[in-house]
Amino acid sequence: QVQLVESGGGLVQAGGSLRLSCTASGRIFSLNAMRWYRQAPGNQRELVAGIASGGRTNYADSVEGRFTVSRDNAENTVYLQMNSLQPEDTAVYYCCADIVVVPGTGYLEVWGQGSLVTVSS
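Residues numbered from 1 in each chain as written. Predicted model: local features only at pLDDT ≥ 70, side-chain atom pairs only at ≥ 80, totals over all residues. Heavy atoms only, no water.

A. Summary view of the sheet that holds strand β8 (residues 77–82). What the four strands build is an open sheet, ordered β1-β3-β8-β7; its pairing is antiparallel. One side of each edge strand has no neighbouring strand; the edge strands of this open sheet are β1 (3–7) and β7 (67–72). Put simply, the sheet's adjacent strands are angled 15 degrees from each other on average, direction ignored. Here six bridges tie β7 to β8, and the two strands are oriented antiparallel to one another. In the strand pairing of β8, Thr68 is matched with Gln81. (Pairing = 2+ DSSP bridges. Helix = DSSP H or I, 4+ residues; strand = E, 2+ residues; numbered from the N terminus. Axes fitted to C-alpha atoms, helices over the stretch in contact; angles between N-to-C directions.)

Given below as structure tokens:
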């Protein structure tokens, strides 16, 4: 079974940095677009950043210039480098990947378990 495992969350002071990682494992034919979402208590889940299979990236306006998403295809891993963190960045961060398991059958949307990022003021 395909799964995504996240790591790298934790507590950081405002202005600090963290790097989240998300690694896919299992039966994978191809790893397509990968995305990072976040959700704070009582809030809607929001898209933070995404990266296509070819490397094209996109970011939410709120994190543009501070966060960087990247991927290591050889390791089936996507990263989210978070700099200049602010208290409003506090949330559970989830990675999500579009994964083709069987050629020609389309993709599965697979989610990580979530990683808590807490930014203190």
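B. Geometry of unusual backbone geometry. We note that Asn76 has phi near 55 degrees; this positive angle belongs to a residue other than glycine. We classify Asn76 as partly exposed; its relative accessible area is 25%. Positive phi outside glycine occurs at Ser84, with the angle close to 50 degrees. The residue Ser84 is located in the loop between β8 and β9 (91–100) in this model. (Buried < 20%, exposed > 50% of the residue type's maximum accessible area, 1.4 Å probe, protein only.)

C. Region of interest: the pattern of salt bridges. Enumeration over the complete set of coordinates arrives at five salt bridges. A salt bridge links Arg35 to Asp98, with the shortest nitrogen-to-oxygen separation between them at 3.0 Å. One end of the pair, Arg35, is in strand β4 (residues 30–39); the other, Asp98, is in strand β9, with 63 residues separating them in the sequence. Summarising the burial analysis for this pair, Arg35 and Asp98 share the class buried. (Salt bridge = Lys/Arg side-chain N within 4 Å of Asp/Glu carboxyl O.)

D. Representation of the nonpolar core in the model. With 31 residues, the main nonpolar core has Trp36, Leu80, Met82 and Tyr93 as its most contacted residues. Elements represented by at least two residues in this core include exactly β3 (18–25), β4, β5 (46–51), β7, β8, β9 and β11 (115–120). With residues near it in sequence (within four places) discarded, Met82 still touches Gly16, Ser17, Leu18, Leu20, Arg66, Phe67, Tyr93 and Val117. (Core = buried A, V, L, I, M, F, W, Y, C linked by side-chain atoms within 4.5 Å. Contact = heavy atoms within 4.5 Å.)

E. Layout of the packing of aromatic side chains. Per the counting criterion, the structure on display carries one aromatic pair. Considering the side-chain rings of Tyr37 and Trp111, the 5.0 Å spacing of their centres and the 35 degrees angle between planes classify their relative orientation as tilted. Residue Tyr37 is found in strand β4, and its partner Trp111 is found in strand β10 (residues 108–111); the two are separated by 74 residues along the sequence. (Phe/Tyr/Trp six-rings, centres within 6.5 Å; stacked < 30°, edge-to-face > 60°.)

F. Looking closely at the side chain of Arg35. The exposure class of Arg35 is buried, given its relative accessible area of 14%. A polar contact of 3.2 Å, which involves the side chain of Arg35, links it to the side chain of Tyr37. Of note is the side chain of Arg35, whose polar atom sits 3.0 Å from the side chain of Asp98. (Polar contact = N/O pair within 3.5 Å; in protein donor to acceptor, adjacent residues only side chain to side chain.)

G. Quick peek at the environment of Gly26. Residue position: Gly26 is located in the loop between β3 and β4. Taking C-alpha positions, Gly26 is 15 Å from Cys96, a pair spaced 70 residues apart along the chain. Not counting the four nearest positions on each side in its chain, Gly26 is found in contact with Gln1 and Val2.

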